[in-house]
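# Examination of the molecular architecture
This is what each chain is made of:
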Amino acid sequence: MAAVQVAGSVPCRQPREAPRDATPERGNGFRRLSARLCALRPDDSSSARTEIHLLLDQLISENYTEGSCVAPEDVSALLVQACQLVPLNQNHLVSKVSQLIHHLLNRLQVIVDEQHLDFLLAYTISAIHQCSSWTYMEILQALAALVYCNGSKCQKYLPELLGKTGLLLKLSGSAQSDPEVRRAAVHCMANLCLSVPGQPYLEEPYQNICFQAFLTILQSPKSSDMDDITFCMLLQNALKGIQSLLNGGRMKLTQTDELGALLAVLKKSMFHGLPGLNIEMPTVLYPTPLPQYDGRTPIKPQQSESSTSRPTLNKKKKSKVKPKKIQQGEEEEEEEKESSGEIEAAPVTGTGRVNLHEGNTWCPSSLGVQSLPLDGSGTAGKDGVSSPFSSSSWKRVSSSESDYSDAEGGMQSKMRSYQAKVRQGALVCFLSTIKSIEKKVLYGYWSAFIPDTPELGSPQSVSLMTLTLKDPSPKTRACALQVLSAILEGSKQFLSVAEDTSDHRRAFTPFSVMIASSIRELHRCLLLALVAESSSQTLTQIIKCLANLVSNAPYNRLKLSLLTKVWNQIKPYIRHKDVNVRVSSLTLLGAIVSTHAPLPEVQLLLQQPCSSGLSNSNSATPHLCPPDWWKKAPAGPSLEETSVSSPKGSSEPCWLIRLCISTVILPKEDSCSGSDAGYAAGSTYEPSPMRLEAFSNLPNDRQILCITVLLGLNDSKNRLVKAATSRALGVYVLFPCLRQDVIFVADTANAILMSLEDKSLNVRAKAAWSLGNLTDTLIVNMETPDPSFQEEFSGLLLLKMLRSAIEASKDKDKVKSNAVRALGNLLHFLQPSHIEKPTFAEIIEESIQALISTVLTEAAMKVRWNACYAMGNVFKNPALPLGTAPWTSQAYNALTSVVTSCKNFKVRIRSAAALSVPGKREQYGSVDQYAQVWNALVTALQKSEDTTDFLEFKYCASLRTQICQALIHLLSLASALDLPCIKKTLELNGNMVQSYILQFLKSGAEGEDTGAPPSLQERDQMVKMALKHMGSVQAPTGDTARRAIMGFLEEILAVCFDSSGSQGALPGLTNQ
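Definitions and cut-offs
- Residues numbered from 1 in each chain as written.
- Predicted model: local features only at pLDDT ≥ 70, side-chain atom pairs only at ≥ 80, totals over all residues.
- Heavy atoms only, no water.
- Axes fitted to C-alpha atoms, helices over the stretch in contact; angles between N-to-C directions.
- Helix = DSSP H or I, 4+ residues; strand = E, 2+ residues; numbered from the N terminus.
- Parallel < 35°, antiparallel > 145°, perpendicular 65-115°, else oblique.
- Left-handed = near helix turned anticlockwise from the far one by under 90°.
- Contact = heavy atoms within 4.5 Å.
- Nonpolar A, V, L, I, M, F, W, Y, C, P; charged D, E, K, R; others polar.
- Core = buried A, V, L, I, M, F, W, Y, C linked by side-chain atoms within 4.5 Å.
- Buried < 20%, exposed > 50% of the residue type's maximum accessible area, 1.4 Å probe, protein only.
- Domains from an automatic or database assignment.
- Salt bridge = Lys/Arg side-chain N within 4 Å of Asp/Glu carboxyl O.
- Phe/Tyr/Trp six-rings, centres within 6.5 Å; stacked < 30°, edge-to-face > 60°.
- Expected span 1.5 Å × (residues − 1).

### So, the packing of helix H42 (residues 905-915) against helix H44 (residues 956-971)
- Axis separation between H42 and H44 bottoms out at 9 Å; the angle between their running directions is 15°. In terms of axis orientation, H42 runs roughly parallel to H44. Seen along the crossing, H42 lies across H44 with a hand that is left-handed. Together, Phe905, Arg908, Ile909, Ala912 and Ala913 of H42 and Cys956, Ser958, Leu959, Gln962, Ile963 and Ala966 of H44 make up the contact between the two elements.

### Comments concerning the packing of helix H3 (residues 72-85) against helix H4 (residues 91-107)
- Relative orientation of the contacting elements H3 and H4 amounts to 175°, with a least axis distance of 10 Å. By the criterion of interaxial angle, the relationship of H3 to H4 is roughly antiparallel. Contact with H3, carried on its side by Val75, Leu78, Leu79, Ala82 and Cys83, involves Val97, Leu100, Ile101, Leu104 and Leu105 of H4 and no other residues of that element.
- A class-by-class count of the residues in the contact of H3 with H4 yields 10 nonpolar, no polar and no charged.

### A short note on the nonpolar core
- Leu140, Leu168, Phe214, Phe430, Trp446, Ile487 and Leu656 are the most contacted members of the largest nonpolar core, which has 183 residues in total.
- Per-element accounting of this core gives the leading share, 12 residues, to helix H21 (residues 511-532).
- Counting contributing residues per domain, this core is built from domain 1 (29-244) and domain 2 (450-607), each supplying no fewer than three.
- In this structure tryptophan 446 touches Ile487, Leu488, Phe494, Leu495, Ile515, Ser518 and Leu522, once residues within four positions along its chain are discounted.
- If you look at the next biggest cluster of nonpolar residues, it comprises 124 residues, including Leu799, Leu830, Val907 and Ile1045.

### Examining the pattern of salt bridges
- Scanning the entire structure with this criterion turns up 18 salt bridges.
- Between lysine 156 and aspartate 118 there is a salt bridge, with its nearest N and O atoms 3.0 Å apart. Of the two residues, lysine 156 is situated in the loop between helix H6 (136-147) and helix H7 (158-162) and aspartate 118 in helix H5 (residues 114-130); the sequence distance between them amounts to 38 residues.
- In this structure lysine 156 comes out as exposed when scored by relative accessible area, which is 58%.
- Among the salt bridges present, the one from arginine 921 reaches aspartate 978, with a minimum N-O distance of 2.6 Å. On the criterion of sequence distance, the pair formed by arginine 921 in the loop between H42 and helix H43 (927-942) and aspartate 978 in the loop between H44 and helix H45 (979-1002) is long-range, its members being 57 residues apart.
- Overall, the relative accessible area of 1% leaves aspartate 978 in the buried class.

### Describing the packing of aromatic side chains
- In the structure shown here, the tally under the stated rule is 12 aromatic pairs.
- Between phenylalanine 430 and phenylalanine 449 the ring centres are 4.5 Å apart and the planes differ by 40°, which places this aromatic pair in the tilted class. You can see phenylalanine 430 sitting in helix H15 (residues 410-436) and its partner phenylalanine 449 sitting in helix H17 (residues 446-449), a full 19 residues away along the chain. Like phenylalanine 430, the residue phenylalanine 449 is buried in the burial classification.
- Each ring, one from tryptophan 446 and one from phenylalanine 494, has its centre 4.9 Å from the other, and the planes form 50°; the classification is tilted. In this pair, tryptophan 446 is assigned in helix H17 and phenylalanine 494 in helix H20 (residues 492-495), connecting sequence segments 48 residues apart.

### Some remarks on the environment of leucine 59
- Structurally, leucine 59 is set in helix H2 (residues 46-61).
- Linking leucine 59 and leucine 100, residues 41 residues apart in sequence, is a C-alpha distance of 7.3 Å.

### Quick word on helix H30 (residues 700-713)
- The end-to-end C-alpha separation of H30 is 20 Å, in line with the 20 Å expected for 14 residues at 1.5 Å each.
- Among all positions in H30, only Arg702, Gln703, Leu705, Cys706, Ile707, Val709, Leu710 and Leu713 are buried.

Just geometry here; none of it tells us what the structure is for.
Spelled out as structure tokens, the structure:
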């Protein structure tokens, strides 16, 4: 067999010449060997095979480095030529060409183009079918490299790879006798699941096949013929596969058993190989019913583990592991690969390179005793700890090549590292799971991952805090903390039931007490971790986690001292050498000041002297700046003149405000890289309910100082500072004491508009949110009796705001959602004097067209919800020519389309609310336009239970409530010409409409989306007013429509009258 019988032959192209300015040696070896290989022709002689062997060996052993000047298309063409020269009956050559594919694609970071991919895939798949089993390992490695980031281009091979009898399913199954082959097959599946933005995802049936395969692997115990390291690598590949499905494939975990099974294996894998700990997990974790969300009776959650044991610590000797240098270009590639998971890593200073292994070993000590870095390297950039989510375990480079030698640490050290990578992989996968499910679903599993205060004498269950306190790897500890932060973020509603302010003497533990106990335990464990941590990056994650906890915990329902303990232990860290630790410390202090106002505990803390707590001997405060670095006075006015008194008028200045002012005023060299700390200082200036009271009590000159500092920070070149400042301005503008100040509102508007043009998406998103808040302020000012604000507000500024909001509505969803909110408010705010001006006519048309296109677009549901809300605001402006303007029909068409067909019921509810806003019949336009709105609402009512997503069912009642309100509103405005259309609809769907209106009158539904619903008396009055209006309509002689509609309404009221026993007169019935 002289040639390979697979896809069409691809001609070998000659490699391109090296660029003139490139170093001559770079790529010369590849080009020389490639030219020799391309010159060969298929030949089955022994001499030809020997020559191919030698060429392949030389190509594999060539030293490829970053900047080798080798074009990706040259690599692909070379690989195709190599495959064409190697027949499938030559096992050794097939093995070697597979090694070449794997080696070149990984070392040169090449993604094979579609032109050559088809041939290479067909070759490798045919090789698995025809070659001996001992070659499978190398062939599968080549296949994994080929499909990496090419999953969407492998569609025609998926049945052969992932079908019922697919190669990868067969080779990855438990029946596969060779562990390395099984691991390589799972690696291929994981790479197939990895999606690339802008390309199609793996089809849903194949997603489910891969998910079940990965889940089975994670659930299965280690087989006797598999060594520990291979088993760790198998688990890593399975975890990476699930993570790729959740991130890029947008796989939804909607079934309880499916989610419970995944969480069970993730929890088991999170503790894989942790010294001194061995847990047994059930196959499925089941959630606890949550009274905060579904109104059911609170019950105490059961322990999720079938058996738990108190983890113990094994004291380990110091072991130094020399970090291996990463191949150039890999960390950049890894950052791109993981970007779809939206994983946040704390910024690091120094080199920025990712180390494969920790440069120091964390020494677990008894809880509460500081643990010092063993090699004395505690500063960022030197402690060998890199981003916890940039772990090299996710590399597509085969892990079969040993990263260690016996001299570098031996097998024990190597195994501990691989076990740590499994734990990190499980945590990263858990983070992706958290992002793919609703928070209220996640909180059903709270007790499985969050610690509770153990009863006296009983062991503590294993949780994320077990890893934070006892894992020897700083990366794993940082991963666990980031997962905990993701769980705590947005948990305010869930934690709001917590209460332990009174002693409970009951036979059972109330749910509220259990949650309060969990919050206390989180405080205790995080403060212990803070004291014991030696890694600056992990320390930053601990403080961020504390800030999330403080922001969401209901301290007004908890016993005192929790915040005091956090406050006293965090104060020394504002002088930490690492800027990220200082920034997160200021953020945490800001979160404490922001807690539920008024909290006497916080007020007392603010009155503490400057020095209180700054030299706490019980806290670990390594690498501190000089104690007085933040007290140094700048040139010009002294800080004594700008100090702000404490809340109760103490003569001692409030040290926190003094610190924040000095951070943003002092020169950079005096404040230890103050631009980053300025971000946290800007966040601390951002108001909250607590700060609102404090701000109102400040003297006028101090208020002006805070505003001036914020407006000045808005010009910062540091994008973090600028983003925090934009958000802070967006809250300041809501202050009652500031929102009626035309000059302040105008200055804030100009600052926000400038930030809306920033290159950073984060800055633009914060600016758009603030613009939405500022326009909310305009609407609030409209409702005041004094018209001076509307009269004094600049028309030119309004034009600028409208133009900026229109442009922002074309931006990313994070910006767009608030841009359309601002457009709705601005169009509502426009006065007749503005609308009459020709300069406003075109911009009004553009604004409304922007809203219409956003309502109809396939954007995020939050964006469409805001667009419908904004459209309702537009309809509230009586000065706009709604009903006569050309855009009227387009606006109603968009809303009626959404109310009948949008898959998200909250968006439907908001569009129905917008359709019921116009208060006059002429605003609905022509008879045909009115009929379209009426018919759309009836259709929407009919389809109010049509959904395949069970999560939407809870909004069905609210949707019907809103539609019934809109229908009754339309009846109360109908003209004589509208009656035939209404009659026709009632003849077809009268029973359905009547039953839902009766349900609306008798019980209704809680307002899920549009605020508090009308009371039963108000609903009854709405129908009576509609009936009264129908009685006043002057219908033509002989017209039966009016009588039919009145009869319909009278029958509804009669049924309601009979069921309620009301004695009130029914208008219209007396005239029958």
